[in-house]
Protein chains: 2
Amino acid sequence: MNLRDIGEFGFIDRMARGSVVKPERVIKAIGDDAAAYRIPAGEVALLTTDLLIERIHFLRKATSGYNLGYKSLAVNLSDIAAMGAAAHHAFVSIGIPDDCRVEFLDDVYRGMKELAAEHEVNILGGDTTGSKTDLVINIAVAGFAPKNELMSRSGAKNGDAICLTGTVGDSRAGLHFIMNNIKPQTAENQRLVQAHLLPKPYLHEGRFLASTGAVHAAIDVSDGLSSDLGHILKESHAGARIYADKIPVSPPLHSFCERVAKDPVEFALAGGEDYVLACTVDAKKAESLAIQYERKFGERLYITGADTDSAGIELIYASGESKKIAQTGWDHFA
Amino acid sequence: MNLRDIGEFGFIDRMARGSVVKPERVIKAIGDDAAAYRIPAGEVALLTTDLLIERIHFLRKATSGYNLGYKSLAVNLSDIAAMGAAAHHAFVSIGIPDDCRVEFLDDVYRGMKELAAEHEVNILGGDTTGSKTDLVINIAVAGFAPKNELMSRSGAKNGDAICLTGTVGDSRAGLHFIMNNIKPQTAENQRLVQAHLLPKPYLHEGRFLASTGAVHAAIDVSDGLSSDLGHILKESHAGARIYADKIPVSPPLHSFCERVAKDPVEFALAGGEDYVLACTVDAKKAESLAIQYERKFGERLYITGADTDSAGIELIYASGESKKIAQTGWDHFA
């Protein structure tokens, strides 16, 4: 089906269906000049936004609409999670080229709506327009957090334990399959591809970590652990020590790295798009926080390193050897 | 200068400069995973977002960066104005093709920042990325309003006076000069082009109208008076009567229409992109509201028609003749 067959307002009706899952938070949803929504008493407001453009962030021919919609929202939710806030509403702007079929767009919104519903996030507005060549998606997510429980990149202190909410490097290994057009044949490899396509936003975990008061700084791992940890260190004027054997590496990534003769630590440090949370925690509270965390979520909080008062990141091997690691981040214009 | 010369983070530093004009509202600005900001006590939150794509909404070669930046923000502020809210923060996502020069982008942000500063709006975040072909700009604006003073498209009542905060049709006439590549030689024609390029967001006026409690429904005139009034009527299950001789037509539009032998009423009804506010006001309060409004802003609030209980819009001429008018709106996929 072509968009021309249903028109702009037909499309808006279609994508607005089932988009409000927490109506009690809403004053005005899709259909007015702006959306209006309630504010939880005593909280502050948060907003994050991400722009995805075809041929830069994704290839329309190589992705399913579902995965595209899911991940577009997931990366925004992850930013709200990293601040320790709850995500309430998403606003989706979409620029649609002539040759984009309604079925593909239905799939995009199905991916978004399923993830949104899982996290009780309303899709509350946005903008719909044409585009000459590329499909364009911008999502803004609004959230809230109690005034004194916000996490940020600054605040890491010398001696803090550096913790991760999940394994790192899987997404980068999954991308290897996608870029080389290799169908993952084993369940292990499928898990790597899944990590890349359908990243989990750690919203509940972020909210919990923020509420404990033990976390001094946090970020989500989007560009790679070394790069994102670097942002915390820069904002906090701190350094870090990472223990190579404490970096959480998944069994699928171990197997993959053995097969391709790569160091999993490299993948873990430079990988990117894992969207786990990295946080620095008061050293005295880290062990008990990790126990509480595991009891609550049934998953480990990995204590991977410590903040130092020297500059940069030092990687320390079990052998006692150490090296400085580069903070290689992604520059869109380099 | 090319973006490659300054890099993504160089560009972000550049555009973040001078972007916070009301620091007391801000908790976290550009540089963290999400922006965080304070909430005025007892108010509700609003959000609007607009996506502009090159070759759909503008021609990069035919516009100045300043005008592009100014108008991109103005149309969003206008949506907040139509809800009767105050705009607090803007979030700018930008997708930049290789051949877009830093000087042009500096101009885009200069246009945005000047308008933002005029209305005490912070530019508090966004996203910066590459784009293969087209320049892409998405702006989201967050605002606040007292709980009981929100205006919306629904709520218009039979008998309400239909009011406009400014003249309509000028922008469409201005577009005529731009599309036909005619340099406006007179001050009058320059005012028409100006109306198209640098529309005024009626934020103070919207906030005032909402605070009076006399307004039942409101919208900003973006698609044309007949189309936008149609949205109010649809949401409010009402009809309307418009008096042709009461439609505010500017002297420059009168002169222009005389020269091109067109009916200014046509331009006024179907024009679009005027971004004045249209509202329906309790009939008993309309006259005194117009007096108050003029005293406060030194501009007229034009009483142009009345809501009725029949369907659609009826245009009534001074002669007593009348006709039904079509609600022709813009469909991006038609």
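In this text the structure is predicted, and so the values were computed from the model without any measurement. (Residues numbered from 1 in each chain as written. Chains lettered and ligands numbered in written order. Predicted model: local features only at pLDDT ≥ 70, side-chain atom pairs only at ≥ 80, totals over all residues. Heavy atoms only, no water.)

**Brief notes about the relation of the copies chain B and chain A**
Filter applied, for reference: Least squares is used to superpose the copies, and the fit set is the C-alpha atoms of residues whose pLDDT is at least 70 in both copies.
For the pair chain B and chain A, the best superposition has an RMSD of 0.0 Å and corresponds to a rotation of 180° with a translation of 0.0 Å parallel to the axis. Both copies of the chain, as the preceding transformation shows, are related through a two-fold rotation axis.

**Examining the pairing of strand 10 (residues 277–281) of chain B**
All names here are of chain B. The criterion, for reference: Note on classification: 1.4 Å probe, protein chains only; a residue is buried when its accessible area is under 20% of the maximum for its type, exposed when over 50%, partly exposed between these limits. Going along the chain from the N terminus, every DSSP run of H or I of four or more residues is numbered as a helix, and every run of E of two or more is numbered as a strand. Strands were regarded as paired on the criterion that DSSP finds at least two bridges between them.
Burial analysis of strand 10 places 5 of its 5 residues in the buried class, the great majority of the element. Of the two faces of strand 10, the one holding Leu-277, Cys-279 and Val-281 and the one holding Ala-278 and Thr-280 are both buried throughout. Where strand 7 (residues 161–164) meets strand 10, 4 bridges bridge the pair, whose relative direction is antiparallel. Bridge pairing in strand 10 links Leu-164 to Ala-278. Relative to strand 10, strand 8 (residues 215–220) runs antiparallel, the two sharing 5 bridges. Bridged to Ala-217 within strand 10 is Thr-280.

**So, the environment of Asp32(B)**
How we decide: What makes two residues a contact is simply this: any of their non-hydrogen atoms within 4.5 Å. Under this definition, polar contacts are N or O atom pairs within 3.5 Å; protein pairs additionally need one hydrogen-donor-capable and one acceptor-capable atom, and for neighbouring residues in sequence, both atoms have to be side-chain atoms.
Inspection of the secondary structure puts Asp32(B) in the loop between strand 1 (26–28) and strand 2 (35–37). Residue class for Asp32(B) comes out buried when judged on its relative accessible area of 14%. Separated by 93 residues in the primary sequence, Asp32(B) and Gly125(B) place their C-alpha atoms 8.9 Å from one another. When residues no more than four places from it in sequence are discounted, the contact partners of Asp32(B) are Met83(A), Ser152(A) and Arg153(A). Reaching out from Asp32(B), the side chain makes a polar contact with the backbone nitrogen of Arg153(A) at a distance of 3.0 Å.

**Description of the environment of Ser152(A)**
For Ser152(A), the position within the fold is in the loop between strand 6 (136–146) and strand 7 (161–164). Linking Ser152(A) and Thr308(A), residues 156 residues apart in sequence, is a C-alpha distance of 18 Å. Among all residues touching Ser152(A), those that are not within four sequence positions of it are His216(A), Ala217(A), Ala218(A), Lys28(B) and Asp32(B). Here the side chain of Ser152(A) touches Ser154(A) through a polar contact of 3.2 Å, side chain to side chain. At 3.3 Å, the side chain of Ser152(A) and the side chain of Lys28(B) are in polar contact.

**Concerning the sheet that holds strand 1 (residues 26–28) of chain A**
Each strand in a sheet pairs with another by means of backbone hydrogen bonds, the pair being arranged parallel or else antiparallel. Test applied: Between N-to-C directions, angles span 0 to 180 degrees; the directions come from axes that are lines fitted to C-alpha atoms, helices contributing only their stretch in contact.
Taken in spatial order, the 6 strands of this open sheet run 1(A)-2(A)-3(B)-6(B)-4(B)-5(B), and their pairing is mixed. Where the open sheet ends on each side, the last strands, each with one partner, are strand 1 of chain A together with strand 5 (122–131) of chain B. Adjacent strand axes in the sheet meet at a mean angle of 20°, parallel and antiparallel pairs treated alike. Bridging between strand 4 (residues 86–97) of chain B and strand 6 (residues 136–146) of chain B involves 9 bridges; their strand directions are antiparallel. Residue pairing for strand 6 of chain B: His89(B) is matched across the bridge by Ala142(B). Running over the sheet, helix 1 (residues 3–16) of chain B touches strand 4 and strand 5 of chain B and is turned about 160° from strand 5 of chain B.

**Observations concerning helix 3 (residues 102–118) of chain B**
Because each turn of an α-helix spans 3.6 residues, side chains separated by three or four positions end up pointing in the same direction. Residue and element names in this part refer to chain B. Our working definition: In this scheme, a helix's expected span is set at 1.5 Å multiplied by one less than its residue total.
Look at helix 3: 24 Å from first C-alpha to last across 17 residues, which is about the 24 Å you get at 1.5 Å a residue. Of the surrounding secondary structure, the elements contacted by the buried residues of helix 3 are helix 1, helix 2 (65–82), strand 4, strand 5 and strand 6. A positive phi of about 55° marks Glu-120, the residue just after helix 3.

**Examining the confidence of the model for chain A**
Low-confidence regions, as indicated by low pLDDT, have predicted coordinates that should not be scrutinised in detail. All names here are of chain A. Here is the rule we go by: Scored between 0 and 100, pLDDT is the confidence that the predictor attaches to each residue.
When pLDDT is averaged across chain A, the result is 93; 98% of the residues are at 70 or more. Looking at the elements of chain A, mean pLDDT is at its lowest for helix 1 (residues 3–16), recorded as 86, and at its highest for helix 6 (residues 203–212), recorded as 98. Predicted complex metrics record ipTM = 0.93 and pTM = 0.94.

**As for the packing of aromatic side chains**
Note the following rule: Aromatic pairs are defined between Phe, Tyr and Trp rings, using the six-membered ring for Trp, whenever the two ring centres lie within 6.5 Å; interplanar angles under 30 degrees are classed as stacked, those over 60 as edge-to-face, and all others as tilted. The rule for a charge over a ring is simple: NZ of Lys or CZ of Arg within 6 Å of the ring centre, and within 35 degrees of the ring normal.
Enumeration over the complete set of coordinates arrives at 18 aromatic pairs over all chains. Ring centres 6.2 Å apart and planes at 70° place the aromatic pair Tyr37(A) and Phe144(A) in the edge-to-face group. Within this pair, whereas Tyr37(A) is found in strand 2 (residues 35–37), its partner Phe144(A) is found in strand 6, the two being separated by 107 residues in sequence. When its relative accessible area of 2% is taken as the criterion, Phe144(A) is described as buried. Ring geometry for Phe208(B) and Phe297(B): centres 5.7 Å apart, planes at 75°, overall edge-to-face. Residue Phe208(B) is found in helix 6 (residues 203–212), and its partner Phe297(B) is found in helix 10 (residues 283–297); the two are separated by 89 residues along the sequence. Sitting above the plane of the Tyr243(A) ring, Lys246(A) keeps its charged end 5.4 Å from the centroid.

**Here's the deal with the interface of chain B and chain A**
Interface size is commonly expressed as the accessible area that is lost once the parts come together. Filter applied, for reference: Buried area is understood as the total, over both parts, of accessible area removed when two parts are fitted together, assessed with a 1.4 Å probe. When residues are sorted by character, Ala, Val, Leu, Ile, Met, Phe, Trp, Tyr, Cys and Pro go into the nonpolar class, Asp, Glu, Lys and Arg into the charged class, and all the rest, Gly among them, into the polar class.
Taken together, the 64 residues of chain B in the interface contact 64 residues of chain A. Summed over both partners, the interface of chain B with chain A comes to about 5300 Å²; 61% of that surface belongs to carbon and sulfur atoms. There are 26 residue pairs in polar contact (both at pLDDT 80 or more) connecting chain B and chain A. Sort the elements by how many residues they give to the side of chain B that touches chain A and strand 3 (residues 43–53) of chain B lands first, with 10 residues. In terms of residue class, the side of chain B that touches chain A is made up of 30 nonpolar, 18 polar and 16 charged. Inspection of the sheet shows strand 3 (residues 43–53) of chain A paired to strand 2 of chain B by 3 bridges, in the antiparallel sense. What sits directly across from Leu46(A), in strand 2 of chain B, is Ala36(B).

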